[in-house]
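# A structural walkthrough
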Amino acid sequence: MESPMYANLAKICSAMIDINMAVASIVFEYNMLFVVLLLASSSALAVFGTRRVIKWPIVFILMGVVGSELLLYVVIRVVVHLFEYYFYTFSARDLREQMSKTTRYKEWLALGEALDRMKKVDEWRKDSSSDSRYNWALIKTLAEQLHKYRVDGNPEKLLQVFSQCTRKNLGGIWKEKLYSVSHTGRSKDAVHAFADELVLSMKWLAVHGKKMERDNLKHTVKFMKRVNRVYGEVGLFLSGGSSNGNYHWGVIRALLDQKILPRYISGTSAGAVVVSLLGTRTDKELLVDMSPAVLKRQLKCFSESWVEVLNRLRKKGHLFSRRNWIEKIKWFSNGPTTFREAYERTGRVININVSEAGEHGHPVMLNHDTAPDVVIYSAVIASAAMTIFVKPCQLLVKGKDGKLSERHCRSQFVDGCFQKDLPLREMSELYNIRFSLVSQVSPHVVPFHFKSQGESGMPSRWRKSTGNFRGGFLLSALEMMLKTDMRKNLIILDRLGLVNKDNIGATGLFLQKFEGDITLVPSLNVRDYVKLISDPGEELDRYYDEGKRLIWKKMPVLKMRMNIGEAIENCLRTLERELMMKNAALELKRRQSDPGLRSFFKHFT
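Nothing here was measured: the structure is a model prediction, and the numbers come from that model. (Residues numbered from 1 in each chain as written. Predicted model: local features only at pLDDT ≥ 70, side-chain atom pairs only at ≥ 80, totals over all residues. Heavy atoms only, no water.)

### Things to note about a nonpolar patch on the surface
Together, Leu70, Val74, Val78, Leu82, Tyr85 and Tyr86 make up a nonpolar patch on the protein surface, roughly 500 Å² of accessible area in all. Tracing the backbone through its elements, the reader meets Leu70 in helix 2 (residues 50–86). (Patch = residues over 30% accessible without salt bridge, like charges linked within 9 Å, V, L, I, M, F, W, Y side chains within 5 Å. Areas by Shrake-Rupley, 256 points an atom, 1.4 Å probe, with all protein chains shown as cover. Salt bridge = Lys/Arg side-chain N within 4 Å of Asp/Glu carboxyl O. Helix = DSSP H or I, 4+ residues; strand = E, 2+ residues; numbered from the N terminus.)

The following block contains the structure:
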């Protein structure tokens, strides 16, 4: 008779065998399913190719990640804004609100200085060695050398110091962080003193050139040409942005009032409208034509009713009439003025950026060098043309007889924002632009402009113990990581060619460089997005005043840069003129001392 223990053990073994058989059956079935799926996938990949099969899953996954990150990014920015407004601005809120409403620069400057005194920023400015943002020892040494050699009358040593003073971002003095402590945009007093001494030294050298020997003067002129080339020019870049482009008017007016409007100006789309006015008017004419009262009458590109607009969209496939836009833009470009005619009239170098339509299109720069006979208003229309707004168009050229004709080119042109909103590198190569001032109003770019430690004229309101990071270190770090990861995912989509059609996609709209050495960005609100496709009307006053306040925050660093550049150019012109006079005097003396030439002139006299 069997023992109960052995009977139970037999039952357990039998059950385990049944379980193993069941598991083996399931595994076999799933393996067969896996094999079938693998064979089906392989067949699909072989027939259709891997790109067609996995393209859309990759697109949906990456775009889903970008969408989730975008939502979290918006939440973080809102939290940072609320923290800054409600918890860290009680003592200075009134002064900040007054600064955000005033329309006069002197009043704005006085309020900013009062705010600086309240925050003890004036003490920070006086202490030249209290900040690691710049090389204070180098700046102090160079300023002392400039003063010493100027007082001693030693031009040779002065030139050696000049070669150091004009290097790009010397000692960190052109970094925006150095100007992000003061509410007026001023830096350390030592930095401004250095710039003033450099300008004085340039003026002294120009006067001293009259006392130089010809050979020394020739060497000095050659050296100053190299200094001028190394220091470079300042370029102003106006982005597109539909009705947000009206902020540009205030920026330009503030630059005109301070007499520091750069000579080299580039504009795209809405910025091209502003550029067309700047290139065809003198400074005196601009002061009249850029008044809000005049602009309100002329800015009527969206004046048609929505019934007309929608009917045109249904019948012709675009919202606005190109013919109507041409008639309105003609006032800004002073009629059918060409780029060459504009340059000869005002001396300003204006550039309008367009994009060539089509899959293999590329950005095109239009200015008096690359397209001298192109009519400016046709370039403006092309720079603002989008399929849904205005049809892509050809450029018009003016012949020697004054007649207009379409440019002999198969390509049509569309909005320049899609491929190159800001031609920073191209302008640098063509015109030696070494310092860029960007007025950025694109509606898809402005929300992502965030300086975690403040910017010029807009210091961080957070605690110094956290590194002055807005919203604290954690929120600033999250903001940076989310923005970087969204950009990374868009780059992947672009490099794989998954969402970029006719060069209008991730690359064209989000992966360009949208900032310069100084970047002006307005604080857009819901109203700006609602009125994105509408004429400014009475709202122009708001755009105008806000644009002026944007440039006021950057005025100290921009003035310093422009003053040094102007001093270098004036010094070089004076020395060249003096060298020309000495060469003429030497040639005259040589002719008078030559017997053959003397008898020749005597015969005719």
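### Here we look at the pairing of strand 1 (residues 233–238)
Of all six residues in strand 1, six are buried; the element is thus mostly enclosed. Burial along strand 1 is two-sided: Glu233, Gly235 and Phe237 and Val234, Leu236 and Leu238, pointing in opposite directions, are all buried. Alignment of strand 1 against strand 8 (residues 433–439), held across six bridges, turns out to be parallel. Bridging from a neighbouring strand, Val234 pairs with Phe435 of strand 8. (Buried < 20%, exposed > 50% of the residue type's maximum accessible area, 1.4 Å probe, protein only. Pairing = 2+ DSSP bridges.)

### Quick word on helix 18 (residues 424–431)
Those residues of helix 18 lying buried are Leu424, Glu426, Met427 and Tyr431. The buried side chains of helix 18 occupy one side of the element, clustering within an arc of 165° when seen end-on. Those residues of helix 18 that are exposed and aimed more than 90 degrees away from the buried face are Arg425 and Glu429. Those residues of helix 18 hidden inside the fold are in contact with strand 1, strand 2 (264–267), strand 3 (349–356), strand 4 (363–366) and strand 8. (Arc of directions from axis to C-beta. Contact = heavy atoms within 4.5 Å.)

### What about the layout of surface pockets?
A volume near 900 Å³ is recorded for the second largest pocket. What lines the second largest pocket is a set of 32 residues, and nearest its centre among them are Phe448, His449, Lys483, Arg487 and Glu515. Of the residues forming the lining of the second largest pocket, the biggest block, seven residues, is contributed by helix 19 (residues 472–495). Its residues assigned to classes, the lining of the second largest pocket comprises 15 nonpolar, nine polar and eight charged. No fewer than three residues from each of domain 1 (4–92) and domain 2 (233–449 + 514–534) sit in the lining of the second largest pocket. (1 Å grid on protein atoms, 1.4 Å probe; cavity = no way out; pocket = protein on both sides within 12 Å on 5 of 7 lines; lining within 4 Å. Points joined across faces, edges and corners; volume = space filled by probe spheres on them. Nonpolar A, V, L, I, M, F, W, Y, C, P; charged D, E, K, R; others polar. Domains from an automatic or database assignment.)

### Describing empty space enclosed by the protein
Inspection of every chain in the model, using the stated rule, returns three cavities of 30 Å³ or more. Empty space within the largest cavity amounts to approximately 50 Å³. In terms of lining, the largest cavity is formed by Trp174, Lys175, Glu176, Tyr179, Phe435, Ser456, Asp517, Ile518 and Val557. In terms of residue class, the lining of the largest cavity is made up of five nonpolar, one polar and three charged. Of the pockets and cavities examined, the second largest cavity occupies roughly 40 Å³. In terms of lining, the second largest cavity is formed by Thr166, Arg167, Lys168, Val230, Tyr231, Arg434 and Arg561. Residues that form the lining of the second largest cavity fall into these classes: two nonpolar, one polar and four charged.

### Section: the nonpolar core
Among the nonpolar cores identified, the biggest contains 111 residues, and Phe162, Met224, Trp249 and Ile551 are the most heavily contacted of them. At twelve residues, helix 23 (residues 555–593) tops the list of elements feeding residues into this core. In this structure, Met224 is in contact with Leu159, Phe162, Met202, Leu205, Ile568, Cys571, Leu572 and Leu575, ignoring residues within four places of it in sequence. Among the nonpolar cores identified, the runner-up in size contains ten residues, and Tyr264, Val349, Met365 and Met427 belong to it. (Core = buried A, V, L, I, M, F, W, Y, C linked by side-chain atoms within 4.5 Å.)

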